[in-house]
Amino acid sequence: MSQVVIKTADEISLMRDASRIVIEVLDAMERAAGPGVSTWELERIAEELTARRGAKPAFKGYMGFPCCLCASINEEVVHGIPSKKRKLAEGDLLKLDFGVSIRGYFGDAARTVPIGKISEEARALVEGTQQALKVGIEQAVKGNRVGDIGFAVQRFAESKGYSVVRDFVGHGIGRELHEQPQVPNFGWPSTGMKLRPGITLAIEPMVNQGTHKVELLDDEWTAVTLDRKLSAHFEHTVLVTEDGPEILTRLP
Ligand code: MG
C-alpha cells in the first residue's frame, strides 16, 4: 500500500458517486434477501445493477476473489463466496459487504441483514455492532488519531460482552480499494496516524458473540468464528472534514 492520500474535492465527488451506487445496490440486495433466496441471486443483483450504473465491482478479481459480493452468514465473519447452493433461512444473520469503483474511485460498505425473525441474542449483536460503528465514526475527526477509532470501537463492543475481530481491519480507501492507513477495530487512544481533512476511511467493525478468533474454511476465503458463534459486520466509507466525519455511504 502506498502513502496516505488526501483527496481533492474532485476525487471526493467521484467517491460520492461510487458510494451512492454501493448504497443503491446494498438496498436492492437487502430488499431481495429472504428465506429460500440463495446468495448467488444476490450476487446477480449486485453484478447487474453495478453494470447498469456504469461502475465496476471492486471485489471481483481482487486478490483472486471470485465474486462481486461478499455474503457471509451467521458464524461466517467476512469474505463468504456467493453460491447457488447457499440458501438463506429464517433466523439467519446475513452480512453483505460490497464495493464499487467509478472512474477509478472506490466506495465500500457492509451491513448485517436479519432474515425473517432472528433471536433476541442475534438482534442485540446486530444493534451492538451498528452502535460500535457509530462510536468509531464519531472519532474520525480532524486532530484525532487512527487509534482513537479502534479504541472507541473495542471499548464499546467489549462493554456489551462482545469481542472485536483482530485478523481483519478497516482501511483507507479512494484511489484504491485498500489504501493506507489500516483502521483496526482495537487499539489505544492517541496512537497511530493523525487524521486530517480529506482523508477517507472505510471503518468496519466485525463483532463476535464469543471469541475474537477466526479461521479460514477450506475455500480459503470464508472466515468463520473459531467457536462458531455469531458475528456481525457494519461498514461505512467516511470522509474526515473540517467539521467532523461525513459518511459517504449513506444517503443525505
Ligand atoms: Mg472494507
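The notes below deal with the structure included here.

Cut-off values and rules
Residues numbered from 1 in each chain as written. Predicted model: local features only at pLDDT ≥ 70, side-chain atom pairs only at ≥ 80, totals over all residues. Heavy atoms only, no water. Donors = N, O, S within 2.8 Å, 3.2 Å for Na, K, Ca; no water. Helix = DSSP H or I, 4+ residues; strand = E, 2+ residues; numbered from the N terminus. Buried < 20%, exposed > 50% of the residue type's maximum accessible area, 1.4 Å probe, protein only. Pairing = 2+ DSSP bridges. Axes fitted to C-alpha atoms, helices over the stretch in contact; angles between N-to-C directions. Contact = heavy atoms within 4.5 Å. Phe/Tyr/Trp six-rings, centres within 6.5 Å; stacked < 30°, edge-to-face > 60°. Expected span 1.5 Å × (residues − 1). Disulfide = S-S within 2.5 Å. Salt bridge = Lys/Arg side-chain N within 4 Å of Asp/Glu carboxyl O.

**Digging into the coordination of the magnesium ion**
Working step 1: Surrounding the magnesium ion are the protein donor atoms Asp108 (OD), His171 (NE2), Glu204 (OE) and Glu235 (OE), at 2.1 to 2.4 Å.
Working step 2: Read N to C, the donor residues that coordinate the magnesium ion are spaced as D-x62-H-x32-E-x30-E. Separated by 63 residues along the polypeptide, Asp108 in strand β5 (residues 105-114) and His171 in strand β7 (residues 170-172) bring together distant segments of the chain. A single burial state applies to Asp108 and to His171, both of which are buried.

**What about the pairing of strand β8 (residues 179-183)?**
When a strand is regular, its side chains alternate between the sheet's two faces.
Working step 1: The pairing of β7 with β8 spans three bridges and is classified as antiparallel. From the neighbouring strand, Gly172 faces β8, where its bridge partner is Glu179.
Working step 2: Between the end of β7 and the start of β8, which pair antiparallel, lie six residues, with Gly174 showing a positive phi angle near 155°.

**Details of the sheet that holds β8**
Working step 1: The strand order β8-β7-β9-β14-β15 describes an open sheet built from five strands, whose pairing is antiparallel. Since the sheet does not close on itself, it has two edges, and those belong to β8 and β15 (244-247), each with one partner. For this sheet the average axis-to-axis angle between neighbouring strands, irrespective of direction, equals 30°.
Working step 2: Lying on the sheet, helix α1 (residues 9-32) is in contact with β9 (200-203), β14 (236-241) and β15; it crosses β14 at an angle near 155°.
Working step 3: Of the strands in this sheet, β8 and β9 touch helix α4 (residues 146-159), which is tilted by about 35° from β8.

**A word on the sheet that holds strand β11 (residues 214-216)**
Working step 1: Pairing within the open sheet is antiparallel, and its three strands lie in the order β3-β12-β11. Each edge of the open sheet is held by one strand with a lone partner, namely β3 (76-78) and β11. Adjacent strand axes in the sheet meet at a mean angle of 40°, parallel and antiparallel pairs treated alike.
Working step 2: The sheet contact formed by β11 and strand β12 (residues 223-225) spans three bridges and is antiparallel. Counterpart to Glu215 in the pairing with β12 is Val224.

**Re the packing of aromatic side chains**
Working step 1: Going through the model one piece at a time under the given rule, you end up with two aromatic pairs.
Working step 2: Ring centres 5.0 Å apart and planes at 85° place the aromatic pair Phe65 and Trp221 in the edge-to-face group. Taken as a pair, Phe65 in the loop between β1 (56-57) and β2 (69-73) and Trp221 in the loop between β11 and β12 lie far apart in primary sequence, 156 residues in all.
Working step 3: Of the residues examined, Phe65 reaches a relative accessible area of 4% and is grouped as buried.
Working step 4: Using a relative accessible area of 22% as the deciding quantity, one classes Trp221 as partly exposed.

**Remarks on helix α3 (residues 120-138)**
Working step 1: Across its 19 residues, α3 extends 27 Å between first and last C-alpha, which sits within 8% of the 27 Å expected from 1.5 Å per residue.
Working step 2: All of the buried residues along α3 are Ala122, Leu125, Val126, Gly128, Thr129, Ala132, Leu133, Val135, Gly136 and Ile137.

**Examining the state of the cysteines**
Working step 1: Per the counting criterion, the structure on display carries zero disulfides.
Working step 2: Among the cysteines around Cys67, which has no disulfide bond, Cys68 carries the closest sulfur, lying 6.9 Å off.
Working step 3: Owing to a relative accessible area of 0%, Cys68 belongs among the buried residues under this scheme.

**As for the pattern of salt bridges**
Working step 1: Scanning all chains against the criterion turns up 15 salt bridges.
Working step 2: The residue Glu179 makes a salt bridge to Lys7 at a minimum N-O spacing of 2.7 Å. Here Glu179, found in strand β8, pairs with Lys7, found in the segment before α1; they are 172 residues apart in sequence, far enough to count as distant. Each member of the pair, Glu179 together with Lys7, is buried.
Working step 3: A single salt-bridge network, built from bridges that share partners, covers Arg44, Glu47, Glu48, Arg52 and Lys60.

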